[in-house]
Amino acid sequence: MKKIQMVDLKSQYDKIAVTVNASIQEVLDTNTYINGPQVHKFQKSLEEYLDVKHVIPCANGTDALQIAMMGLDLKPGDEVITADFTFAATVEVIALLQLTPVLVDVDMVNMNISIEAIKKAITPKTKAIVPVHLFGRAANMEAIMAIAKEHNLYVIEDNAQAIGANCKFSDGTKKKAGTIGHVSSTSFFPSKNLGCYGDGGAIFTNDDALAHKLRGIVNHGMYERYHHDVVGVNSRLDSIQAAVLNAKLPFLDEYGKARQNAARKYTTAFEGHKNIVGPSICDNCDCHVFHQYTLRIIGANRDGLMQHLLDKGIPCAIYYPIPLHSQKAYLDVRYKEEDFPVTNQLVKEVISLPMHTELDDEQIKFITDSVLEYLK
């Protein structure tokens, strides 16, 4: 059995090495390292894949989220609602822009932002909602957009973990996660479902005027060289990273299916176990692209299981061990522990197993057998 990794980028690269290398070589041959043809090609290809009018590439996913908020002209003190159970980048950019983060609890079943918690958190100062499509599962965008419409709020999707996932609406239509809100952000960090070989990110929107503003913001506020029309930043996707993404994008759906197949095998092995609650998988499974495969361990020692797996050479991780409302940087007297019962429970129960496109049956069996061995 080959060594188990949390994310196996080397094996994935080996399968597409000729294409990746040729794409990178094109950049080297043309010396177009910034805003070169590979960047423009990727932008257009991703717009077509997502069926979104505008993709604005940038330097990383955190920048993407910050720039999206800058484009909406939110003012200091405006309240922005987002999930307590997620990576800190989401709340980080809210604070950096001197907006007021309003952290709310998540849903126990899908671990995404709670619709009821959003409703309770809205005040006259609320200006935006940031749903995070956590671990690859699309949030309930139909309900979130309805709330936003009722209260005249912006919706900024944090799609760093769910590119390629579909959101299904009650009328049977589907849209890609990241194309439904007023603006969205994503990350191309190497471990993402669509990852480059460094840092990268992008912003999506169907709003022409907003897209124009965002294109200025990512480039020092310039539309014409040395003419600074808006306050901007320096955040560009470099051509070599775009070249890697151009090589990978045609395989994104295939990568998603590989992750879904691995998830089904995990779930089948754990089915019915009294100490394991796994992610639910719908019949067609296209609402979840499994950036992570995350279990809840109930009535057993989660940390003991983690050490057991590590001792057997199986990488695993806890995403996330501390609620954002308990992080030193984001402590606030407004937050009460009783407002976060689900998040406070999840941080004690969750454990994520290896999940990537190259997992094979032998590895999955070893991982699942090792989990069941500890929890027998």
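Each residue is numbered by its place in its chain's sequence as written, counting from 1. Totals for whole chains, interfaces and linings use every residue, but because this is a predicted model, local features are given only for residues with pLDDT of at least 70 and side-chain atom pairs only at 80 or more, for both listing and counting. Only heavy atoms go into the side-chain values, all of them from the structure, while hydrogens and water stay out.

Caption draft 1: Representation of the sheet that holds strand S4 (residues 126-130) in the model. Taken together, the 7 strands give an open sheet; going across it, the order is S1-S9-S8-S5-S4-S2-S3, and neighbouring strands pair in mixed fashion. Only two strands of the sheet have a single partner each, and these edge strands are strand S1 (54-58) and strand S3 (100-104). Averaged over all pairs of adjacent strands, the angle between their axes in this sheet comes to 25 degrees, without regard to strand direction. Judged from the 2 bridges that link them, S4 and strand S5 (residues 154-158) form a sheet pairing that is parallel. In the sheet register, alanine 128 faces S5, and the bridge partner there is tyrosine 154. Helix H2 (residues 37-50) contacts S1 and strand S9 (201-205) of the sheet and is inclined by roughly 135 degrees relative to S1. Two strands are said to pair when DSSP picks up at least two bridges between them. A run of H or I in DSSP becomes a helix once it reaches four residues, and a run of E becomes a strand once it reaches two; helices and strands are each numbered from the N terminus. Axis lines are fitted through C-alpha atoms, for helices just across the contact stretch, and the angle between N-to-C directions can take any value from 0 to 180 degrees. Should any heavy atoms of two residues lie within 4.5 Å, those residues are counted as being in contact.

Caption draft 2: Region of interest: the nonpolar core. Nonpolar cores are built from buried Ala, Val, Leu, Ile, Met, Phe, Trp, Tyr and Cys residues. Side-chain atoms within 4.5 Å join them into one set. For every residue, the accessible area obtained with a 1.4 Å probe (protein chains only) is divided by the maximum for its type, and the residue is called buried under 20%, exposed over 50%, and partly exposed between those limits. Formed by 62 residues in total, the largest nonpolar core has its most connected members in Phe85, Ile118, Ile144, Tyr266, Tyr293 and Leu353. Counting only domains with at least three residues in this core, you end up with domain 1 (9-249) and domain 2 (251-375). The residues touching isoleucine 118, leaving out its near neighbours within four places in the chain, are Ile81, Ile113, Ile129, Ile144 and Ile147. Source of the domain bounds: an automatic or database domain assignment.

Caption draft 3: The arrangement of the UniProt feature "modified residue: N6-(pyridoxal phosphate)lysine" (unreviewed entry) in the protein chain in detail. UniProt positions are given in the numbering used here, feature names are shortened, and annotations may be inferred rather than shown by experiment. According to UniProt, the feature "modified residue: N6-(pyridoxal phosphate)lysine" (unreviewed entry) maps to Lys192 in the numbering used here. Tracing the backbone shows lysine 192 in the loop between strand S8 (183-187) and S9. A relative accessible area of 15% means that lysine 192 is categorised as buried. The residues contacting lysine 192, other than those within four sequence positions of it, are Ala160, Gln161, Ser187, Arg259 and His291.

Caption draft 4: Expanded view of the domain arrangement of the protein chain. Considered domain by domain, the protein chain is made up of domain 1 (9-249) and domain 2 (251-375). Averaged C-alpha coordinates put domain 1 and domain 2 at centres separated by 24 Å. The partner domain 2 presents 36 residues to the 44 residues of domain 1 that form the contact. Of the roughly 3,600 Å² buried at the junction of domain 1 and domain 2 (both faces included), carbon and sulfur atoms supply 57%. Note on terms: buried area is the combined drop in 1.4 Å-probe accessible area of two parts once they are placed together, counting the loss on both. Considering only the side of domain 1, the residues that lose the most area to domain 2 are Met108, Phe135 and Asn193, jointly responsible for 20% of the buried surface there. For this document, the term salt bridge refers to a Lys or Arg side-chain nitrogen within 4 Å of an Asp or Glu carboxyl oxygen. At the junction of domain 1 with domain 2, the criterion picks out 2 salt bridges. The salt bridge partner of glutamate 358 is lysine 15, with a shortest N-O separation of 2.8 Å. Here a polar contact is taken to be a pair of N or O atoms separated by no more than 3.5 Å, where protein atoms must pair a possible hydrogen donor with a possible acceptor and residues adjacent in sequence count only if both atoms sit in side chains. Counting across the domain 1 and domain 2 interface gives 24 residue pairs in polar contact (both at pLDDT 80 or more). Of the residues forming the side of domain 1 that touches domain 2, the biggest block, 5 residues, is contributed by S3.

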